[in-house]
Amino acid sequence: MSSIAALRAEVCALHSELIRWGLVTWTSGNVSARVPGEDLLIIKPSGVSYDDLTPADMVICDLEGKLVEGEHAPSSDTEAHAYVYRHMPEVGGVVHTHSPYATAWAARGEPIPCSITAMGDEFGGDIPVGPFALIGSDAIGRGIVETLQGHRSPAVLMAQHGPFTIGKNARAAVKAAVMCEDVARTMHFARQLGPVQRLPAEAVDSLYDRYQNVYGQQPTSKKGAR
Ligand SMILES: [Zn+2]
């Protein structure tokens, strides 16, 4: 199987994870992957139901978001994904959802405060809010990049819209989307109980460093997953 065929299959399978973790409704949400070594990305087609998605339906676009190969039009969010790949060479995967708890924080335009260790681990601080931007220009992509460059968080809550997440590959970006929704829910519950305090900065640094560099199976292990 060619690397493009394998990546189509992987991106298709990762879309089922959005369903499995309750992050998407109807046809909303999308996962994309950069094609390694090429100025190309693979993304979900626009308006196809999740039940009907097959690897062959995945669309290949250039990094301007223009269709290169595919039977369907690319996701309407493709321009935003493409902008991220053009400006953040370290990014290999991008995910966008309207997952309800994260989007509730986005609706308020409020960062999710880093008050629990899980957030220190995964996000290294607050989950930041990006600017309000309408679809149809590069404003969404620019807002994502301007917010996440120089930030440890792989997730941004685009104001009054919803979360976008990035990762070194598409699977990592999906994981960030799942974890973003998870902590958004927990912090929502916490706020119902009363005021919450952020973790001290040193604790966040220590958690983030340990989780990113030490936690999980070491490279000598055959399992590798965490
Ligand atoms: Zn959206």
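Residues numbered from 1 in each chain as written. Predicted model: local features only at pLDDT ≥ 70, side-chain atom pairs only at ≥ 80, totals over all residues. Heavy atoms only, no water.

*Asks:* Quick rundown of the overall build of the protein chain? Include the residues and the values.
*Replies:* Counting secondary structure elements, the protein chain contains seven helices and eight strands. On C-alpha atoms alone, the protein chain measures out to a radius of gyration of 17 Å, which is about the 17 Å that the 2.2 N^0.38 rule sets for 226 residues. In terms of overall dimensions, the protein chain has a C-alpha envelope of 50 × 45 × 30 Å along the principal axes. Across the 226 residues in the protein chain, those meeting the buried criterion constitute 49%. Considering only intrachain contacts with a sequence separation of at least 6, the fraction spanning at least 24 residues in the protein chain is 62%. Total accessible area on the protein chain is roughly 11,200 Å²; 53% of this is exposed by carbon and sulfur atoms. (Helix = DSSP H or I, 4+ residues; strand = E, 2+ residues; numbered from the N terminus. Rg over C-alpha atoms; globule rule 2.2 N^0.38 Å. Buried < 20%, exposed > 50% of the residue type's maximum accessible area, 1.4 Å probe, protein only. Contact = heavy atoms within 4.5 Å. Areas by Shrake-Rupley, 256 points an atom, 1.4 Å probe, with all protein chains shown as cover.)

*Asks:* Account for the coordination of the zinc ion, with residues named and values stated.
*Replies:* When a metal holds four donors in a tetrahedron, each ideal angle between them is 109.5 degrees; when it holds six in an octahedron, the ideal angles are 90 or 180 degrees. Around the zinc ion, the protein contributes the donor atoms His96 (NE2), His98 (NE2) and His161 (NE2), at 2.0 to 2.1 Å from the metal centre. Ordering the donors of the zinc ion by residue number gives the pattern H-x1-H-x62-H. We classify His96 as buried; its relative accessible area is 1%. Judged by relative accessible area, His98 falls into the partly exposed class, the value being 37%. (Donors = N, O, S within 2.8 Å, 3.2 Å for Na, K, Ca; no water.)

*Asks:* Explain the UniProt feature "domain: Class II aldolase/adducin N-terminal" (unreviewed entry) in the protein chain to me, using residue names and the numbers behind them.
*Replies:* Within this numbering scheme, the UniProt entry marks residues 9-188 as carrying the feature "domain: Class II aldolase/adducin N-terminal" (unreviewed entry). When the span residues 9-188 is considered, its composition is 37% helix and 18% strand, and the gap between its end C-alpha atoms is 35 Å. (UniProt positions renumbered as here; feature names shortened; annotations may be inferred.)

*Asks:* How would you sum up the pattern of salt bridges? Please name residues and give values.
*Replies:* If you walk through the whole model with that rule in mind, you get 10 salt bridges. Between Arg108 and Glu110 there is a salt bridge; the shortest N-O distance is 2.8 Å. Taking relative accessible area as the criterion, Arg108 reaches 61% and is therefore assigned exposed. Note on Glu110: relative accessible area 17%, which makes it buried. The structure contains a network of salt bridges with shared partners spanning Arg108, Glu110 and Arg191. (Salt bridge = Lys/Arg side-chain N within 4 Å of Asp/Glu carboxyl O.)

*Asks:* Lay out the sheet that holds strand β2 (residues 40-43) with the relevant residues and their values.
*Replies:* A sheet is described by the order of its strands in space; here eight strands give the open sequence β4-β3-β2-β1-β5-β8-β7-β6, paired in mixed fashion. At either end of the open sheet lies a strand with only one pairing partner, and these are β4 (67-69) and β6 (129-130). Bridge count between strand β5 (residues 93-96) and strand β8 (residues 162-167): four bridges; the pairing is antiparallel. If you follow Val95 over to β8, its bridge partner there is Thr165. Contacting β6, β7 (155-158) and β8, helix α5 (residues 139-148) runs over the sheet at an angle of about 135° to β7. (Pairing = 2+ DSSP bridges. Axes fitted to C-alpha atoms, helices over the stretch in contact; angles between N-to-C directions.)

*Asks:* Give a detailed account of helix α7 (residues 201-213), specifying residues and quantitative values.
*Replies:* With 13 residues, α7 should reach 18 Å at 1.5 Å per residue; the first-to-last C-alpha distance of 18 Å fits that figure. Along α7, the positions that sit buried rather than exposed are Val204, Leu207, Tyr208 and Tyr211. Projection of α7 onto a plane perpendicular to its axis shows the buried side chains occupying an angular sector of 95°, all on one side. Set apart from the buried face of α7 by more than 90 degrees, the exposed residues are Glu202 and Asn213. Buried residues in α7 make contact with α4 (117-123) and α6 (170-193). (Expected span 1.5 Å × (residues − 1). Arc of directions from axis to C-beta.)

*Asks:* So what's going on with the side chain of Thr78? Which residues, and what values?
*Replies:* Summarising the element assignment, Thr78 is placed in helix α2 (residues 78-87). Residues contacting Thr78, with those up to four places away along its chain left out, are Leu41, Ile43, Cys61 and Gly65.

*Asks:* I'd like a rundown of the packing of helix α3 (residues 100-108) against α6, residues and numbers included.
*Replies:* Relative orientation of the contacting elements α3 and α6 amounts to 65°, with a least axis distance of 7 Å. With respect to α6, the axis of α3 lies roughly perpendicular. In the packing of α3 onto α6, the handedness of the crossing is left-handed. Touching Pro100, Tyr101, Ala102, Trp105 and Arg108 of α3 are Cys180, Glu181, Ala184, Arg185, Met187, His188, Phe189 and Arg191, all from α6. Class assignment of the residues belonging to the contact of α3 with α6 gives a composition of eight nonpolar, one polar and four charged. (Parallel < 35°, antiparallel > 145°, perpendicular 65-115°, else oblique. Left-handed = near helix turned anticlockwise from the far one by under 90°. Nonpolar A, V, L, I, M, F, W, Y, C, P; charged D, E, K, R; others polar.)

*Asks:* Explain the state of the cysteines to me, and be specific about the residues and the numbers.
*Replies:* Throughout the structure, instances matching the rule amount to zero disulfides. Here Cys12 stays unpaired: no disulfide links it, and the sulfur of Cys61, its closest cysteine neighbor, is 16 Å away. The exposure class of Cys61 is buried, given its relative accessible area of 0%. (Disulfide = S-S within 2.5 Å.)

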